[in-house]
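So you can see what is in the structure, the chains are spelled out below.
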Amino acid sequence: MPPPDNKFVAKAKAILEANDRNGYTVPTHRLYPFQWNWDSAFVAMGFAQFDVDRAFRELERLVEGQWADGMIPHIVFHDLSGADSYYPGPAVWGTSHTVATSGITQPPVFAIALRAVHDAAAAVDSAAANARTLPLYEAALKWQRWWYAARDPENTGLVALLHPWESGSDNSPAWDIALARVPTTTIKPVVRKDTNHVAAAMRPHDQDYARFIHLVETYADVGWDPARQWATAPFKIAEIQTTAILLKAGEDLARFAADFGRASDAADLAALNARTRAALLAQWRPALNRFVSRDLVSGADVDASTHAGFVPVLALDLDAPVARAMVAEMARWSAGKLGGLPTTEPGTPIWEPKRYWRGPVWAVINWLLVDGLRRNAHAVFADQLREATLAVIETTAGFAEYFDPDTGEGCGGEDFSWTAAAYLCLRD
Ligand code: 2M8
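Remember, predicted model here, so these are calculated numbers, not experimental data. Every residue gets a number counted from 1 within its own chain, in the order that chain's sequence is written. Two thresholds apply to this predicted model, a pLDDT of at least 70 for residue-level local features and 80 or more for giving and counting side-chain atom pairs, whereas whole-chain, interface and lining totals are computed over all residues. With hydrogens and water stripped out, all remaining heavy atoms of the structure feed into the side-chain values.

## Structural notes on the overall build of the protein
And step 1. Put simply, DSSP H or I for four residues or longer makes a helix, DSSP E for two residues or longer makes a strand, and each gets a number counted from the N terminus. A tally of regular secondary structure across the protein gives 17 helices and twelve strands.
And step 2. Atoms considered for the radius of gyration are the C-alpha atoms alone. The globule rule reads 2.2 Å times the number of residues to the power 0.38. Expected size for 428 residues packed as a compact globule is a radius of gyration near 22 Å; at 20 Å, the protein falls within 12% of this value.
And step 3. For the protein, the residues scored as buried account for 59% of the 428 residues in total.
And step 4. The contact criterion used throughout is that any non-hydrogen atoms of two residues lie within 4.5 Å. Contacts spanning at least 24 positions in sequence make up 71% of the contacts within the protein whose residues lie at least 6 apart.
And step 5. Method for areas: the Shrake-Rupley scheme with a 1.4 Å probe, in which residue coverage is limited to the protein chains shown. As presented, the protein carries roughly 15,300 Å² of accessible surface, and 54% of it is formed by carbon and sulfur atoms.
And step 6. Charge separation in the protein, taken as the distance between the mean sites of 39 positive and 51 negative side-chain charges, equals 1 Å. Each residue is placed in one exposure class: buried if its accessible area under a 1.4 Å probe, protein chains only, is under 20% of its type's maximum, exposed if it is over 50%, and partly exposed if it falls in between. Only four residue types enter the charge count: Lys and Arg as positive, Asp and Glu as negative, with His and the chain ends excluded. The location of each charge is read from NZ of Lys, CZ of Arg, CG of Asp or CD of Glu.

## Quick look at the packing of aromatic side chains
And step 1. For this analysis, a ring pair means two rings from Phe, Tyr or Trp (six-membered ring only for Trp) whose centres lie within 6.5 Å, classed as stacked if their planes differ by under 30 degrees, edge-to-face if by over 60, and tilted for the remaining angles. Here the structure, examined in full by the defined rule, presents 35 aromatic pairs.
And step 2. A centroid spacing of 5.2 Å and a plane angle of 80° characterise the contact between Tyr 356 and Trp 362, whose relative ring orientation is edge-to-face.
And step 3. Assessed through its relative accessible area of 1%, Trp 362 is described here as buried.
And step 4. A cation over an aromatic ring shows up here: Arg 115 above the ring of Phe 256, its NZ or CZ 4.2 Å from the ring centre.
And step 5. In our convention, an over-ring charge means Lys NZ or Arg CZ found within 6 Å of a ring centre and within 35 degrees of that ring's normal. Here the basic side chain of Lys 236 rests over the ring of Trp 230, its NZ or CZ set 4.1 Å away from the ring centre.

## Here's the deal with the layout of surface pockets
And step 1. Estimated volume of the largest pocket: approximately 390 Å³.
And step 2. Along the wall of the largest pocket there are 17 residues; nearest its centre are Met 45, Ala 116, Trp 367, Asp 371 and Cys 425.
And step 3. Of all the secondary-structure elements, those providing two or more residues to the lining of the largest pocket are α5 (110-122), α12 (240-259), α15 (363-375) and α17 (417-426).
And step 4. Looking at the lining of the largest pocket element by element, the count peaks at four residues for α5.
And step 5. Counted by class, the lining of the largest pocket contains nine nonpolar, one polar and seven charged residues.
And step 6. Mapping the lining of the largest pocket onto the domain boundaries places at least three of its residues in each of domain 1 (14-21 + 318-428) and domain 2 (34-151). Cavity means a closed set of points on a 1 Å grid over the protein atoms alone, one where a 1.4 Å probe fits but cannot get out, pocket means an open set with protein on both sides within 12 Å along at least 5 of 7 lines, and lining means a residue has an atom within 4 Å of a point. Grid points are joined across faces, edges and corners, and a volume is the space filled by probe spheres set on the points. Residues are grouped as follows: nonpolar covers Ala, Val, Leu, Ile, Met, Phe, Trp, Tyr, Cys and Pro; charged covers Asp, Glu, Lys and Arg; every other residue, Gly included, is treated as polar. What fixes the domain bounds is an automatic or database domain assignment.

## Digging into the site of the ligand
And step 1. One heavy atom within 4 Å of a molecule or strand makes the whole residue count as near it. As a matter of local geometry, the ligand sits amid 18 residues, with Trp 36, Asp 39, Tyr 86, Gly 168 and Asp 170 nearest to it.
And step 2. Between the ligand and Tyr 32, the relevant distance is 3.1 Å, taken from an oxygen atom to a side-chain nitrogen or oxygen of the residue.
And step 3. Contacts to the ligand include Gly 168, whose backbone N or O atom sits 2.6 Å from an oxygen atom.
And step 4. In isolation the ligand exposes 410 Å². Once the protein is present, 100% of that is buried. Two N or O atoms form a polar contact when they lie within 3.5 Å of each other; inside protein one atom must be a possible hydrogen donor and the other a possible acceptor, and for residues adjacent in sequence the pair counts only when both atoms belong to side chains.

## Let's talk about the side chain of Asn 37
And step 1. If you trace the backbone, Asn 37 turns up in helix α2 (residues 37-47).
And step 2. A polar contact of 3.0 Å, which involves the side chain of Asn 37, links it to the backbone oxygen of Ile 72.
And step 3. Residues contacting Asn 37, with those up to four places away along its chain left out, are Leu 62, Ile 72, Pro 73, His 74, Thr 105, Gln 106, Pro 107 and Trp 143.

## Here we look at the pattern of salt bridges
And step 1. By definition here, a salt bridge exists when the distance from a side-chain nitrogen of Lys or Arg to a carboxyl oxygen of Asp or Glu is within 4 Å. In the structure shown here, the tally under the stated rule is 35 salt bridges.
And step 2. When the shortest N-O distance is used, the salt bridge between Asp 265 and Arg 145 registers 3.4 Å. Of this pair, Asp 265 sits in helix α13 (residues 263-281) while Arg 145 sits in helix α6 (residues 126-151), and the two are 120 residues apart along the sequence.
And step 3. Using a relative accessible area of 10% as the deciding quantity, one classes Asp 265 as buried.
And step 4. A residue is classified by how much of its surface remains accessible, and Arg 145, at 35% relative accessible area, is partly exposed.
And step 5. When the shortest N-O distance is used, the salt bridge between Arg 386 and Asp 383 registers 3.1 Å. You can see Arg 386 and its partner Asp 383 sitting in helix α16 (residues 379-397), three residues apart, about one turn around the helix.

## Let's talk about the packing of α15 against α17
And step 1. Axis definition: a line fit to C-alpha positions, over the contact stretch in the case of helices; interaxial angles, taken between N-to-C directions, run 0 to 180 degrees. α17 packs onto α15 with a crossing angle of 30° between their chain directions and a minimal axis gap of 9 Å. α17 is crossed by α15, and the crossing has left-handed handedness. Across the interface between the two elements, Ala 363, Val 364, Trp 367 and Val 370 of α15 pack against Trp 418, Thr 419, Ala 421, Ala 422, Cys 425 and Leu 426 of α17.
And step 2. Of the residues in the contact of α15 with α17, the class split is nine nonpolar, one polar and no charged. By convention, the crossing between two helices is left-handed when the near helix turns anticlockwise from the far helix through less than a right angle, and right-handed when the turn is clockwise.

## A short note on unusual backbone geometry
And step 1. Looking along the chain, the bond that leaves Tyr 87 and enters Pro 88 is cis, with omega of 5°.
And step 2. In this model, Asn 155 sits at a positive phi of 55°, which is unusual for a non-glycine residue.
And step 3. Backbone geometry at Tyr 356 places phi at a positive 50°, although glycine is not the residue there.
And step 4. As for its placement among the helices and strands, Tyr 356 is situated in the loop between α14 (320-334) and α15.
And step 5. On the accessibility criterion, Tyr 356 (4% relative accessible area) is buried.

## Here's the deal with the sheet that holds strand β10 (residues 301-302)
And step 1. For two strands to count as paired, DSSP must find a minimum of two bridges between them. Spatially, β5-β6-β9-β10 is the arrangement adopted by the four strands of the open sheet, whose pairing is antiparallel. If you trace the sheet from one side to the other, it starts and ends with β5 (160-161) and β10, each paired once.
And step 2. Here two bridges tie strand β6 (residues 237-238) to strand β9 (residues 293-295), and the two strands are oriented antiparallel to one another. Within the sheet, the bridge partner assigned to Ala 238 lies in β9 and is Arg 294.

## Some thoughts on the domain arrangement of the protein
And step 1. The assigned domain composition of the protein is domain 1 (14-21 + 318-428) and domain 2 (34-151).
And step 2. On a C-alpha basis, the centres of domain 1 and domain 2 stand 24 Å from each other.
And step 3. Contacts between domain 1 and domain 2 engage 16 residues on the former and eleven residues on the latter.
And step 4. Here domain 1 and domain 2 share an interface that buries about 1,100 Å² over both sides, 75% of which is from carbon and sulfur atoms.
And step 5. It is Leu 16, Trp 367 and Trp 418 that lose the most area in domain 1 upon contact with domain 2, and together they represent 37% of the buried surface on that side.
And step 6. Run the count over domain 1 and domain 2 and you get one salt bridge.
And step 7. Taking the shortest distance from any N to any O, the salt bridge between Arg 54 and Asp 20 comes out at 2.7 Å. Accessible area that two parts lose when put together, with a 1.4 Å probe and added across both, is what the buried area reports.

Set out below in structure tokens:
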């Protein structure tokens, strides 16, 4: 039983409603005026707490952007009236889908959200829930297959990212070495808009943006063809956070396949999940008490100390000593900090408590970790993260995009949709 509604619940719902744009939700007004992929998945789970129809709608609108090859892009530009406040817009991406979209993707939280939305709907009317879910299941399964075909053509079990934006953790220190190899040259000038809305000290550097756009232009140049991108990509990371989310999505899809009597889908998913489970487990590094990604250009481990090293807990059933070591490491990072787990290890030279994905706390990351910790029988630490997230929102940060772990200050965009969704779901 969730606790009774309070004024923060009312505010969280009001934020989701205010950020609604005819069935999809913008992450925040002005800074992000379109539909973002993994934001929408989190938002759908938030809506599922009080408006299941609207929750389904969020996912349906995201699928309008799905490409013929199965990819669901990281941004769907449904309505260009706000285009002036965001860069890069559709002209920079140069893609050719019917609805304008970006050309890269984002972590596949979609199927996880679909499971949650379906289950909320099925509690009221199971047949209606299944009917609404089925087309979304098909879309999610198509995207799942795309990930394996396009981003793991050598069948390693780990999927690769070709752009830091695909990780959702744009300027994470995890990309520093790999991104430094990407030229800062661009064909068209880079015209940032983000720093019109948010202090530059909280955002990625200009050099990062130059490299981000260099990559966009490189892939646009090969017509966004997955095989040609794979062959030419100067940035290629077999990434553990995305792979863990994909595996959790694969588990949720496998349950749907069983529910819907789709035996052949179920067999395919079981094989893919098993391969990925083994590959992910092999990325555990006992000396670091974390999992690590692999840089496919250099062949080296990505050992920067970022939160991504813990996210595999979401989709694995870890041996007890491994889980204990990981939890102890997470506890060390978050000791004396506010809001939950910082995205970079505090006190290290790479740690910047206010600069976007280089140190602040993000409610949705805490949320993924809470789910994984519960799965791995670490309910006590899960509860600490959960309570820290709720407390920072209620006391200092409000529903900001992210939080400074030293001060509890809210940073980035205000009235942020995924922070509102996290609040609603973590109260459960
Ligand atoms: C941030 O990323 C966008 C690019 O996708 C940006 O900085 O312009 C990230 O925090 C990402 O994870 C998030 O999905 C997006 C919208 O909230 O903003």
